[in-house]
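# Architecture and fold: a report
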Amino acid sequence: MRTALVRRALLTASGASLALLATACGPSGGAGAEQDAKPSAAAPSPSPTPEAKALTAAEMEKLTLADGDVRDVKIAKAGADDVAKAAEVTTDKPECTALAQAGGLAPVGAAVTTTERIGVGKPSDPADPMSVSATSVQLASYDGKGAEEALASLKAAGQACGGGFTTTAKGEKTTVKSVTPSAVTAGDEATAWTIATEDEGEALNSQMVAFRKGNNLVVVHTVRFDAKPASAQAFIDAQVKKLG
């Protein structure tokens, strides 16, 4: 996740989280609620055909996470400073480009339409306003088998870049110390990693999950600001439910 996004979330997390606590948010009925926090049991859809067409911008908005879809999380559109173009993301290891792009909220592969959202949760420890996480979610739609190809490139990057790499997105440098595979089930096929990064001397742990549903690809990236493991599960469940 890019430094600008993390810094902004860190600055706003305390206020946003305290506001959530003040309003005593209860279950919203969204997929992030505990009773719905299960992977989708639907049968996988067939592989996209070469004739498959990407969703329109209007169709994408209906399928994109909105505020209230994840319990106790404030969800908003990502700002222009948070979203990079593919050309604005570079890395010292070309084989890691797809992961670097995903971390910079840049589209992976030949995405036709994308939406990006940022979610900030409430503190897991009420006594520590910084015991929160920030999550970015990018939904991308592709023509033909573009989503399969993009996910394949992410899987390959994850395998090749376990020892870490350095990436720059929109002029901001991030050092990825390690990329460790983790297990996940979502959509038609999925892959996930635990990622250790260093931004300006600050160590952060995150979980990145990428999954395909038909010819759409979702990348969820959750960063925690304390020592606890990051988990993107609530966002995965909510996005799976929204995609149907």
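These remarks concern the structure in this document. (Residues numbered from 1 in each chain as written. Predicted model: local features only at pLDDT ≥ 70, side-chain atom pairs only at ≥ 80, totals over all residues. Heavy atoms only, no water.)

### Structural notes on the overall build of the protein
Each helix and strand in the protein was counted, giving five helices and nine strands. Listing each helix as α and each strand as β along the protein from the N terminus yields α-α-β-β-α-β-β-α-β-β-β-β-β-α. A burial count over the protein gives 49% of its 244 residues as buried. Contacts in the protein between residues far apart in sequence, at least 24 positions, make up 68% of those at least 6 positions apart. (Helix = DSSP H or I, 4+ residues; strand = E, 2+ residues; numbered from the N terminus. Buried < 20%, exposed > 50% of the residue type's maximum accessible area, 1.4 Å probe, protein only. Contact = heavy atoms within 4.5 Å.)

### Details of the state of the cysteines
By definition, a disulfide is the covalent link that joins the sulfur atoms of two cysteine residues. Following the criterion strictly, the structure yields one disulfide and no others. Bridging Cys96 to Cys161, the disulfide has an S-S length of 1.9 Å. Linking Cys96 and Cys161, the disulfide has an S-S dihedral of approximately -110 degrees and is accordingly described as left-handed. With Cys96 in the loop between β2 (89-91) and α3 (97-103) and Cys161 in the loop between α4 (146-160) and β5 (165-169), this residue pair connects regions lying 65 residues apart in the sequence. Of the two residues, Cys96 and Cys161, neither departs from the other in class, the shared state being buried. (Disulfide = S-S within 2.5 Å.)

### Considerations on α4
Because an α-helix packs 3.6 residues into every turn, residues spaced three or four apart end up facing the same way. Relative to the 21 Å expected for 15 residues at 1.5 Å per residue, α4 spans 21 Å between its end C-alpha atoms, a close match to the ideal helical length. Within the span of α4, buried status applies to Gly146, Ala147, Ala150, Leu151, Leu154, Ala157 and Gly158. The buried residues of α4 occupy one face: seen down the axis, they fall within an arc of 135 degrees. Counted as exposed and oriented over 90 degrees from the buried face of α4: Glu149 and Gln159. Contact partners of the buried residues in α4: α3, β6 (172-182), β7 (189-199), β8 (202-213) and β9 (216-224). (Expected span 1.5 Å × (residues − 1). Arc of directions from axis to C-beta.)

### So, the pattern of salt bridges
Taken as a whole and assessed by the stated rule, the structure comprises ten salt bridges. One salt bridge connects Arg212 with Glu148, and the closest N-O pair in it is separated by 3.9 Å. On the criterion of sequence distance, the pair formed by Arg212 in strand β8 and Glu148 in helix α4 is long-range, its members being 64 residues apart. The residue Arg212 makes a salt bridge to Asp188 at a minimum N-O spacing of 3.6 Å. Of the two residues, Arg212 sits in strand β8 while Asp188 sits in the loop between β6 and β7, which places them 24 residues apart along the sequence. Take Arg212 and Asp188: they sit in the same class, and that class is buried. When salt bridges that share partners are traced, they join Lys145, Glu148, Lys155, Asp188, Glu189 and Arg212 into one network. (Salt bridge = Lys/Arg side-chain N within 4 Å of Asp/Glu carboxyl O.)

### What about the pairing of strand β4 (residues 133-141)?
Here is the key point about a regular strand: its side chains alternate between the two faces of the sheet. Burial analysis of β4 places nine of its nine residues in the buried class, the great majority of the element. Side chains Ser133, Thr135, Val137, Leu139 and Ser141 of β4 all project onto a buried face; the interleaved residues Ala134, Ser136, Gln138 and Ala140 project onto the opposite face, where all are buried too. Bridging between strand β3 (residues 113-121) and β4 involves eight bridges; their strand directions are antiparallel. Opposite Thr114, over in β4, you have Ala140 as the bridge partner. Sheet topology places β4 next to β9; nine bridges connect them, and they run antiparallel. Residue Val137 lies in a different strand from β9, and its bridge partner there is Val220. (Pairing = 2+ DSSP bridges.)

### Some remarks on helix α5 (residues 233-243)
Regarding α5, the residues found buried are Phe235, Ile236, Asp237, Ala238, Gln239, Val240 and Leu243. Summarising the contacts, the buried residues of α5 are in contact with α2 (57-63), β1 (73-77), β3, β4, β8 and β9. Gly244 sits one or two residues past α5 and shows a positive phi near 80 degrees.

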